[in-house]
Structure formats: structure tokens, C-alpha cells
Amino acid sequence: MEDIENIEEDEYGFSRNYFLAKELGGASKRSAHKLSDIHIVDEQELRETASTIEMKHSKEISELMSDYKTMYSKWVFELRCGFGLLMYGFGSKKALVEDFASASLTDYSVVVINGYLPSVNLKQVLLALAELLSELLKCKRKSSGSLSKGQETFPSRSMDDILSFLHGPQSGDKDCFICVVVHNIDGPALRDPESQQTLARLSSCSHIRLVASIDHVNAPLLWDKKMVHKQFNWLWHHVPTFAPYNVEGVFFPLVLAQGSTAQTAKTAAIVLQSLTPNAQNVFKILAEYQLSHPDEDGMPTDDLYSASRERFFVSSQVTLNSHLTEFKDHELVKTKRNSDGQECLNIPLTSDAIRQLLLDLNQ
């Protein structure tokens with residue numbers, strides 16, 4: 001009985017000490033990190049240095065690529081049977097897929113979509129595919145001497161009509177298809193549901209075959225069961241190449257590099273995420289004001305207080321001053337007087353960096 005009482009007393013003491021430590025630690029503790037404390041190098045210098053790194057295990061990688069080449073004929077057969085090919089695995093698969101296309105798809109028309117680019121105009125891609133199919137059908141009918149013209153041109157430039165044309169029964173030849181190669185179908189410009197639905201509908205067209213690659217670990221979450229089995233009709237191929245992402249990585253900011261808008265926003269987001277949610281919300285109000293009033297010296301402190309109090313982010317001027325002290329200590333905000341003598345708050349970042357920062361904070 002005495003042992004049980006001792007155990008309960010120890011547990012009570014531990015719990016009490018834990019909450020006391022949290023109260024004392026969180027009451028006055030303030031991070032000393034500043035934006036300028038993050039030491040980063042010039043992006044161009046970092047990229048040049050990275051390009052000089054010698055690739056290891058080149059012999060083994062070369063043998064691996066040779067093994068993949070023996071599978072080319074199987075991949076072509078799978079395309080002819082109506083499947084889509086999805087390449088996944090560690091390393092860039094750009095060179096492998098392009099080598100497959102140039103070596104084994106010479107009898108077919110091939111269109112390449114670089115999904116790793118910052119933006120991709122899928123409608124222009126569909127128009128190009130429709131025009132290419134139209135010419136392909138004309139050539140086939142001329143070579144066969146067929147008198148039946150069928151539908152060789154698409155009626156309009158709407159997405160639905162173009163997809164209907166690509167899916168139409170213009171030719172009974174199963175080999176009459178265009179191969180669409182999509183590098184990084186999970187790329188930033190194609191991750192939205194609308195783009196994925198368009199690609200899925202395109203893949204299900206009778207005159208289209210898709211060969212795509214993915215690199216993001218969560219890429220399969222982009223698709224539902226219908227898209228995977230009925231539209232894309234994927235055959236998954238594990239083809240790790242261990243190749244560097246030299247081309248794909250050009251469009252992504254380097255974590256250790258400075259000078260880019262995205263990286264400036266990232267470093268500011270790191271600092272802001274160490275602050276309280278209310279402090280972050282006050283900063284968002286200031287950022288949104290600065291974006292909507294680019295010609296002004298900044299947001300008057302009184303206006304920031306009124307806006308923050310209306311949204312219940314601060315309860316008094318003292319609370320706002322506490323947040324502003326945090327911002328100034330971290331070099332996220334600067335103060336200056338406007339022509340009327342009012343104290344104004346300004347975020348020392350470009351408009352593009354502020355927009356990117358707001359996106360990062362809202363994720």
C-alpha cells in the first residue's frame with residue numbers, strides 16, 4: 001500500500017513539474033534567429049560547384065541501363081496492346097525514356113511534354129496532337145488508296161471536341177497512334193486536378209499512348225481508381241537510374257542558395273513558422289496591405305492594430321507591440337515615417353517574394 005502511495009506521489013510531482021517548466025519556459029523565451037543569420041551562397045556558384053561532382057558507380061549504372069534496353073521491345077508491345085507505361089524509381093528517368101523513344105518508337109509519331117517546367121499549356125499540346133493525327137490519317141488514306149475520307153479534321157478548338165477527335169474511330173489500325181511522352185507527370189505545373197483529369201482523358205483516347213515518369217513519393221495520390229485502371233491503364237515499371245536531376249532541377253530553387261524570390265520567401269517562412277499563429281496572422285495582414293498598396297511607404301501602425309483587433313489576433317496595443325518586436329528582432333519588418341509623420345511598417349521583401357511567402361504560410 002505504501003509503495004502505491006509513493007508511485008502516485010512521484011507521478012503527481014512529475015506532472016506538476018512538467019507544466020511548471022512549460023509555463024516558465026514559454027513565458028519569456030524568444031528565438032534569437034534572424035533572417036541574416038542564415039548563411040547561404042550565390043545560386044550560380046552553387047550550381048557550378050554541383051555540376052563538377054563526379055558521378056559514382058558509373059560502371060554499375062551503365063550495366064543497369066543496358067539491362068533496361070533489353071526491355072524496350074516488351075514496352076513497345078505493351079503500348080500496342082493499349083497500356084500506358086509509368087516509369088518510377090530513384091533518379092532522373094528523362095534520358096532513359098528519351099532513349100527508348102528514339103530507339104524503339106521510330107515507327108510512331110512522338111510528342112514530348114516536359115512536366116518539370118514551371119508552366120505547361122495543355123490546350124496547345126492537345127491542338128498539336130489533333131493536327132498531327134489529322135495529317136497522319138490523311139497520309140495513311142493516301143497510301144492505302146482509300147476512298148473513304150472520314151473525319152480528318154477536328155470541328156472546333158474546344159477541349160472536349162479535340163479529345164473526341166483523338167478518341168474517334170477514324171482508323172481501324174491498332175498501330176495508328178501517337179505516343180505522348182510526359183516527363184514528370186507529377187510536376188508542379190501538372191499536379192492540379194484539372195490537368196490530371198485532362199491527361200487521363202487524353203490517355204484513354206484510342207489514338208494516344210502515354211509513356212510517363214514520376215518522382216514524387218506521393219504521386220499516386222493524384223489519381224483515383226478509375227483514372228489508374230480505366231483511363232491511364234498504367235503498367236508500372238520500376239526503373240531506378242540513380243541519375244542526377246540536372247535538367248529537372250534547374251527550375252527549382254536550391255535550398256542553400258540565395259538570390260531567388262522563392263528562396264528569400266522560404267527563409268522568411270522558416271523564421272515566421274517559429275512564431276505564434278496570431279503573430280503569423282498579424283504579419284499576413286501587413287503583407288496583404290503592402291501588396292495592395294505598393295506605392296505607399298508602408299502600413300500605419302494604428303491601421304495594423306485596428307485590422308488585427310477586428311480579427312481578434314490581438315487584444316491590446318501591448319500585444320501588437322510584442323509581435324512587432326518579434327518581427328523587428330528577426331528583421332522581417334522595418335519602420336519609417338511617412339509624409340504625415342505617421343509610423344509605418346514595411347516588409348523589406350519584393351512583391352513576388354511576399355506573394356510566395358503568403359503561399360508558403362498558407363500551406
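Residues numbered from 1 in each chain as written. Predicted model: local features only at pLDDT ≥ 70, side-chain atom pairs only at ≥ 80, totals over all residues. Heavy atoms only, no water.

Spelled out, the test is: UniProt positions are given in the numbering used here, feature names are shortened, and annotations may be inferred rather than shown by experiment.
As recorded in an unreviewed UniProt entry, the protein chain goes by Origin recognition complex subunit 2 and comes from Arabidopsis suecica. The Subunit (unreviewed entry) comment attached to the protein chain in UniProt states, word for word, "Component of the origin recognition complex (ORC)." Under the UniProt heading Function (unreviewed entry), the note attached to the protein chain is "Component of the origin recognition complex (ORC) that binds origins of replication. DNA-binding is ATP-dependent. ORC is required to assemble the pre-replication complex necessary to initiate DNA replication."

**Digging into the overall build of the protein chain**
Defined as follows: Secondary structure elements follow DSSP: runs of H or I of four or more residues count as helices, runs of E of two or more count as strands, with numbering from the N terminus. Only protein chains enter the accessibility calculation, which uses a 1.4 Å probe. A residue is then buried if its area is under 20% of the maximum for its type, exposed if over 50%, and partly exposed in between. Residue contacts are defined here by distance: any two heavy atoms, one from each residue, within 4.5 Å place the two residues in contact.
Within the protein chain, the secondary structure is distributed over 14 helices and 10 strands. With 363 residues in all, the protein chain has 38% of them scored as buried. Of all intrachain contacts in the protein chain linking residues separated by at least 6 positions in sequence, the fraction that spans at least 24 positions is 76%.

**Describing the pairing of strand 10 (residues 343–346)**
Stated formally: Two strands form a pair only when DSSP identifies at least two bridges running between them.
Two strands pair when backbone bridges link them, and strand 8 (residues 299–300) and strand 10 are joined in this way by 2 bridges, in the antiparallel orientation. Bridging across to strand 10, P300 finds its partner in C344. Relative to strand 10, strand 9 (residues 334–337) is paired through 4 bridges, and the arrangement is antiparallel. Paired with R337 across the strands is E343, a residue of strand 10. In this antiparallel pair of consecutive strands, strand 9 and strand 10, the connection spans 5 residues, and G341 shows a positive phi of 85°.

**Side note on the side chain of H323**
When you line up the elements, H323 lands in helix 13 (residues 317–329). In this structure, H323 is in contact with T276, N278, A279, V282, F313 and V314, ignoring residues within four places of it in sequence.

**Section: unusual backbone geometry**
It is generally the case that most residues other than glycine have a negative phi and that most peptide bonds are trans. Despite not being glycine, N233 has its phi angle at roughly 55°, a positive value. Take N233: it is sitting in the loop between helix 9 (225–231) and strand 6 (234–238). For F312, which is not a glycine, the phi torsion comes out positive at approximately 60°. Among the structural elements, F312 can be located in the loop between helix 12 (301–310) and helix 13. Taking relative accessible area as the criterion, F312 reaches 72% and is therefore assigned exposed.

**A short note on helix 11 (residues 277–292)**
Put simply, the rule is: How far a helix is expected to stretch is found by multiplying one less than its residue total by 1.5 Å.
Its 16 residues place the ends of helix 11 23 Å apart at the C-alpha level, agreeing with the 22 Å of an ideal helix rising 1.5 Å per residue. When we look at burial in helix 11, the residues that qualify are A279, Q280, V282, F283, K284, I285, L286, A287, Y289 and Q290.

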